[in-house]
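Secondary and tertiary structure notes
These are the residues of each chain, in order.
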Amino acid sequence: MILGEVLGALVANTRYQGLEGRIFLIVQPQEADGKAIGDAVVAVDTVQAGPGDRVYMVLSREAALALEPWFVPVDHAIVGFVDSVDLEEGG
Amino acid sequence: MVLGKVMGTVVSTIKHPDYLGHKLYVIQPLNAARVPAGETFLACDTVQSGVGDTVLVMREGNGVRQILQKEICCVRSLVVGVVDEVDAHTSRGSDSAQ
């Protein structure tokens, strides 16, 4: 799982079966200190996040398992909101 | 599995039901010499580890589902051990990487 910040939404009217009604969001993966990691990705939302929200995502096969039905072509899913990240002093 | 250090905790109130009841940690991956290597990621705790601990992290979903005893679960990274000591021959020589 990784942290990220929601940058915006993506509209796709034609989609694979099982993904009807799902919201796709553009998410910038981040380090714990907020530094960006690589390029933005498209993730399916499960927690009703929106632009500007700090969230965490699960990647790979487990992203699809966050959804119902779960046998869908998804590799990034937003699974929680970040209220705060409490880092150790000097960490 | 990877070696990592628990850097801190993530506070999250609204989350997927599969994450309820698990502490969520920020993990810094380490190499055998316990030097930070790679980008931080998140993992759920199963062994009552704490911030500052060197830990063993599994980053593979099927093993996670076995441990959590769920057939369908969207957790992928799990802290499965607290590391007491690492004895490894590093690229710098044969010194023990304590």
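Attention in this report is confined to the structure presented alongside it. (Residues numbered from 1 in each chain as written. Chains lettered and ligands numbered in written order. Predicted model: local features only at pLDDT ≥ 70, side-chain atom pairs only at ≥ 80, totals over all residues.)

Observations regarding the overall build of chain A
Looking only at helices and strands, chain A features one helix and six strands. Its helices and strands in sequence order give chain A the pattern β-β-β-β-α-β-β, from N to C terminus. Here the C-alpha radius of gyration of chain A, 13 Å, is about what a compact globule of 91 residues would show, namely 12 Å. C-alpha atoms of chain A, sized along the principal axes, occupy 50 × 20 × 20 Å. Within chain A, buried positions represent 35% of all 91 residues. In chain A, the share of contacts with a sequence separation of at least 24, taken over all contacts with a separation of at least 6, comes to 52%. (Helix = DSSP H or I, 4+ residues; strand = E, 2+ residues; numbered from the N terminus. Rg over C-alpha atoms; globule rule 2.2 N^0.38 Å. Buried ≥ 20, exposed ≤ 12 C-beta atoms within 10 Å, placed from the backbone. Contact = placed C-beta atoms within 7 Å.)

Here we look at unusual backbone geometry
Peptide bonds are trans in most cases, and residues, glycine excluded, mostly fall at negative phi. For the bond from E68 of chain A to P69 of chain A, the omega torsion is 5°, close enough to zero to count as cis. Note on placement: P69 of chain A falls in the loop between α1 (61-65) and β5 (76-81). Of note, Q69 of chain B is a non-glycine position whose phi angle comes to about 55°, a positive value. Along the chain, Q69 of chain B turns up in the loop between α1 (61-68) and β5 (77-82). Residue Q69 of chain B is classed as exposed on the basis of its 7 C-beta neighbours within 10 Å.

Structural notes on the sheet that holds strand β4 (residues 54-59) of chain A
All names here are of chain A. With mixed pairing, the five strands of this closed barrel are ordered in space as β1-β2-β3-β5-β4. For this sheet, the mean inter-axis angle between neighbouring strands, taken without regard to orientation, is 55°. Where strand β1 (residues 2-10) lies against β4, four bridges are found, and the strand directions are antiparallel. Bridge pairing in β4 places L3 opposite Y56. (Pairing = 2+ DSSP bridges. Axes fitted to C-alpha atoms, helices over the stretch in contact; angles between N-to-C directions.)

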